[in-house]
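Residues per chain, in single letters:
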Amino acid sequence: MKAFDVIVNGGGLAGATLAVALARTGRRVAVIEATGRIASSQPSYDDRTLVINAASLNILCALELLPDTLTRMPVARIEVSRAGGFGHLVLEAKQFGRERFGAVIIARELGQVLLQALASTPGIASFCPDRLVSFKTDQSSVSVELASGTVLNAALLVGADGNHSAVRQLAGLPCQRHDYGESAMIFNIQARLAPTATAWERFTPQGPLALLPQSGGRLGVVWIDRSEAIAETLNWPDQHLLDKLVERLGQDFGGLSRPGKRACYPLVRQRTPWPVSQRVVVVGNAANAVHPVSAQGFNLGLRDVGGLVDVLNNQDDPGNEAALLRYARVRQDDQDSTVRYTDTLARAFTNPSRLARLMSGIGLAAHAAWPTLGARLAQAAMGFREPVCSLARESTSAAREQAA
Ligand SMILES: Cc1cc2nc3c(=O)[nH]c(=O)nc-3n(C[C@H](O)[C@H](O)[C@H](O)COP(=O)(O)OP(=O)(O)OC[C@H]3O[C@@H](n4cnc5c(N)ncnc54)[C@H](O)[C@@H]3O)c2cc1C
């Protein structure tokens, strides 16, 4: 039997980041990952364009996971609009004393950085490809059995194994799940006059549409619609897709061309109100999954990572009950409000009723007109939700500079 301080089940974006963070504090960490190590086959490390907010950039930077070689496109301006309705909001980072709200990073490229860090950080042992099949806990430890027959022992088991988390299910942690009946299709395009450092969120009757800056004048598109409609859209000829995109956007940025590969994701909301049990905790999508409408999912998962690192700091026994209870309490407000906030956005702006459309238009107009409302939205967009974890705090100017 192999002994560790912490076992992390799932080496995706959240699990790999947590493993590196805990190993950097001197913990012996085992990472179990079901998919092979090559980043191109890792489901968490795909072509998604992730908006990483300022707080999350600080976390990644403090963990030395933002090397110069990692392409990140700054987001200094956010433009929110509605097709066929009033209400238009522009947030400029400089209005809030900032150079940027965050940056866009391709999940696959961040995945490569994480794989290198998993391989080179002392104290991490990877069990990959392998998968957790069962575990047992008692007062002092948790014992995990893998599909290969290997048995691992530790003080704490962390489930970072995504939406269908085996850890969450085997621990019997209740999870509220809602299927939106919608899917997100992602692809990128070339824009002749691609504006720099701007992220667009456009609410249309079919669903939200986001455009995110990428390198080389390309834009990442996140196109959301009912799942049946997306199944058809995936097969549209390129020119038809571009025409429909311009129609939904209401502009063409001087000409759109060369759409890239399309991929699709069914959308669900998941909320695990109490993410801990004896010697077990779930983080990231294993605990809470949100609609991508305001780019919050991985950012929320990174705040779980930061919160857990803080709580386990200086604990002789990282799986002790008091520490896990503290983690659940410290993270509750942020998890609750982020899941609620994204759900409200996802429903309000696409609701076909006239009243809902009127209210969402008023909401946008109000945010545009009242600086305090706009400031609150900007603060949420930057991810500094109380209590801000140590890794996200801007205590070192060097950290901020590097994150930029
Ligand atoms: C279209 C789209 C756009 C998005 N855009 C953004 C954005 O702009 N900003 C943002 O913050 N978030 C965004 N998100 C959300 C973000 O992608 C997710 O929150 C994030 O990928 C979740 O990471 P995770 O590590 O928690 O889970 P996952 O990515 O699901 O990783 C789970 C890992 O666990 C492994 N695993 C599963 N079961 C087992 C098992 N039994 N044993 C061992 N290993 C196992 C899997 O192989 C996988 O590697 C977006 C999501 C979508 C769908």
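Read on for an overview of the structure. Since we're looking at a predicted model, the values are computed, not measured. What you see as residue numbers is a count from 1 along each chain, following the sequence as written. Totals for whole chains, interfaces and linings use every residue, but because this is a predicted model, local features are given only for residues with pLDDT of at least 70 and side-chain atom pairs only at 80 or more, for both listing and counting. Only hydrogens and water are set aside when side-chain values are computed; all heavy atoms of the structure are taken into account.

1. Looking at the overall build of the protein chain
The secondary structure listing takes helices from DSSP runs of H or I that are at least 4 residues long and strands from runs of E that are at least 2 residues long, numbered from the N terminus. Within the protein chain, the regular secondary structure consists of 11 helices and 21 strands. Throughout, exposure labels follow a simple rule: accessible area from a 1.4 Å probe, protein chains only, divided by the maximum for the residue type, with under 20% read as buried, over 50% as exposed, and the rest as partly exposed. The proportion of buried residues among the 404 residues of the protein chain is 54%. Counting contacts in the protein chain only where the partners sit at least 6 residues apart, residues at least 24 apart contribute 75% of the total. Here the Shrake-Rupley method, with its probe set to 1.4 Å, supplies the accessible areas, and only the displayed protein chains count as covering residues. On the protein chain, roughly 17200 Å² of surface is accessible, and the fraction owed to carbon and sulfur atoms is 52%. We call two residues contacting when some pair of their heavy atoms lies within 4.5 Å.

2. As for the side chain of Thr-272
Position of Thr-272 among the secondary structure elements: in the loop between strand S19 (263-271) and strand S20 (276-277). Side-chain atoms alone can form a polar contact between residues adjacent in sequence; in general such a contact is a pair of N or O atoms within 3.5 Å, and within protein one must be able to donate a hydrogen while the other accepts it. Separated by 2.6 Å, the side chain of Thr-272 and the backbone oxygen of Ala-287 make a polar contact. Setting aside chain neighbours within four positions, we find Thr-272 in contact with Arg-168, Leu-173, Pro-174, Cys-175, Val-282, Ala-286, Ala-287 and Asn-288.

3. Brief notes about the nonpolar core
Side chains of nonpolar character tend, in soluble globular proteins, to be buried together. Each nonpolar core is a collection of buried residues, namely Ala, Val, Leu, Ile, Met, Phe, Trp, Tyr and Cys, held together in the definition by side-chain atoms within 4.5 Å. Membership of the largest hydrophobic core comes to 80 residues, with the highest contact counts inside it found for Leu-18, Leu-65, Leu-110, Val-158, Val-281 and Leu-308. Ranked by residues supplied to this core, first place goes to helix H1 (residues 13-24) with eight residues. Not counting residues within four places of it along the chain, the set of residues in contact with Leu-308 comprises Leu-18, Val-158, Val-281, Val-283 and Tyr-327. Phe-4, Val-144, Leu-157 and Ala-286 belong to the second largest nonpolar core, which has 19 residues in total.

4. What about the packing of H1 against helix H7 (residues 297-312)?
Between N-to-C directions, angles cover 0 to 180 degrees, with each direction set by a line fitted to C-alpha atoms, over the stretch in contact for helices. At a closest axis distance of 10 Å, the pairing of H1 and H7 adopts a crossing angle of 25 degrees. Taken together, the axis directions place H1 and H7 in an arrangement best described as roughly parallel. In this structure, the crossing between H1 and H7 has a hand that is right-handed. For the pair formed by H1 and H7, the contact residues are Leu-13, Ala-14, Thr-17, Leu-18, Ala-21 and Leu-22 on the first element and Phe-298, Leu-302, Val-305, Leu-308, Val-309 and Leu-312 on the second. Angular relationships are summarised with four words: roughly parallel below 35 degrees, roughly antiparallel beyond 145, roughly perpendicular across 65 to 115, and oblique for the angles in between. Two helices crossing with the near one rotated counterclockwise from the far one by less than a right angle form a left-handed crossing, whereas a clockwise rotation gives a right-handed crossing.

5. Some remarks on the side chain of Gln-335
Secondary-structure assignment places Gln-335 in helix H8 (residues 321-348). We classify Gln-335 as buried; its relative accessible area is 1%. Contact partners of Gln-335, with chain neighbours within four places excluded, come to Arg-271, Pro-275, Asn-288, Leu-300, Asp-304 and Tyr-327.

6. Quick look at the environment of Val-104
Among the secondary structure elements, Val-104 is positioned in strand S8 (residues 102-106). Of the residues examined, Val-104 reaches a relative accessible area of 3% and is grouped as buried. Here the alpha-carbon distance between Val-104 and Leu-50, two residues 54 residues apart in the chain, equals 5.5 Å. Among residues more than four places away in sequence, those in contact with Val-104 are Thr-49, Leu-50, Val-51, Thr-71, Arg-72, Met-73, Val-75, Leu-212 and Pro-213.

7. Concerning the site of the ligand
Being near a molecule or strand, for a residue, comes down to having at least one heavy atom within 4 Å of it. In the region of the ligand, 34 residues are neighbours, and Glu-33, Gln-42, Ser-44, Arg-48 and Val-51 sit closest. Asn-285 is positioned with one of its side-chain polar atoms (N or O) 2.9 Å from an oxygen atom of the ligand. Asn-299 has a polar backbone atom sitting 2.9 Å from an oxygen atom of the ligand. Its free accessible area being 1000 Å², the ligand has 90% of it covered by the protein chains. Each residue gets one label: Ala, Val, Leu, Ile, Met, Phe, Trp, Tyr, Cys and Pro are nonpolar, Asp, Glu, Lys and Arg are charged, and the others, such as Gly, are polar. Among the residues forming the shell around the ligand, the class breakdown is 16 nonpolar, 13 polar and five charged.

8. Considerations on the packing of aromatic side chains
Any two of the Phe, Tyr and Trp rings considered here, Trp counted by its six-membered ring, make a pair once their centres fall within 6.5 Å; the pair's planes then place it as stacked at under 30 degrees, edge-to-face at over 60, or tilted in between. Taken as a whole and judged by the stated rule, the model has five aromatic pairs. Seen from their ring centres, Phe-4 and Phe-127 are 6.0 Å apart, and the 90 degrees between their planes marks the pair as edge-to-face. Taken together, the positions of Phe-4 in the loop between strand S1 (2-3) and strand S2 (6-9) and Phe-127 in strand S9 (residues 124-127) put the pair 123 residues apart, joining distant regions of the chain. One exposure class covers both Phe-4 and Phe-127, and it is buried. Aromatic pair Phe-187 and Trp-223: ring centres 6.5 Å apart, planes at 50 degrees, arrangement tilted. Of this pair, Phe-187 sits in strand S14 (residues 176-191) while Trp-223 is found in strand S17 (residues 218-226), placing the two residues 36 residues apart along the sequence. Taking the relative accessible area as the measure of exposure, Phe-187 reaches 4% and is therefore buried. On the basis of relative accessible area, Trp-223 is assigned to the buried category, the value being 2%. Following the ring pairs from residue to residue traces out a cluster consisting of Phe-187, Trp-223 and Trp-236. Lying over the aromatic face of Tyr-341, Arg-385 brings its terminal NZ or CZ to 6.0 Å of the ring centre. Any Lys NZ or Arg CZ that is within 6 Å of a ring centre and within 35 degrees of that ring's normal is treated as a charge sitting over the ring.

9. With respect to the sheet that holds strand S12 (residues 151-154)
DSSP bridges decide pairing: two strands pair if at least two such bridges lie between them. Overall, mixed pairing links the four strands, which are arranged S1-S12-S11-S10 in an open sheet. Bordering the open sheet on either side are S1 and strand S10 (132-137), each of which pairs with just one other strand.

10. Some words on unusual backbone geometry
The amide bond that connects Cys-128 to the next residue, Pro-129, takes the cis arrangement and shows omega of 0 degrees. Locating Pro-129 in the fold gives a position in the loop between S9 and S10. A cis amide bond, omega -10 degrees, links Glu-386 with the succeeding residue Pro-387. Of note, Pro-387 is situated in the loop between helix H10 (371-382) and helix H11 (397-403). Here the phi dihedral of Glu-64 falls at roughly 60 degrees; this positive angle occurs in a residue that is not glycine. For Glu-64, a relative accessible area of 59% corresponds to the exposed category. A positive phi angle is found at Ala-295, which is not glycine, with a value near 55 degrees. Mapped onto the elements, Ala-295 comes out in the loop between strand S21 (280-282) and H7.

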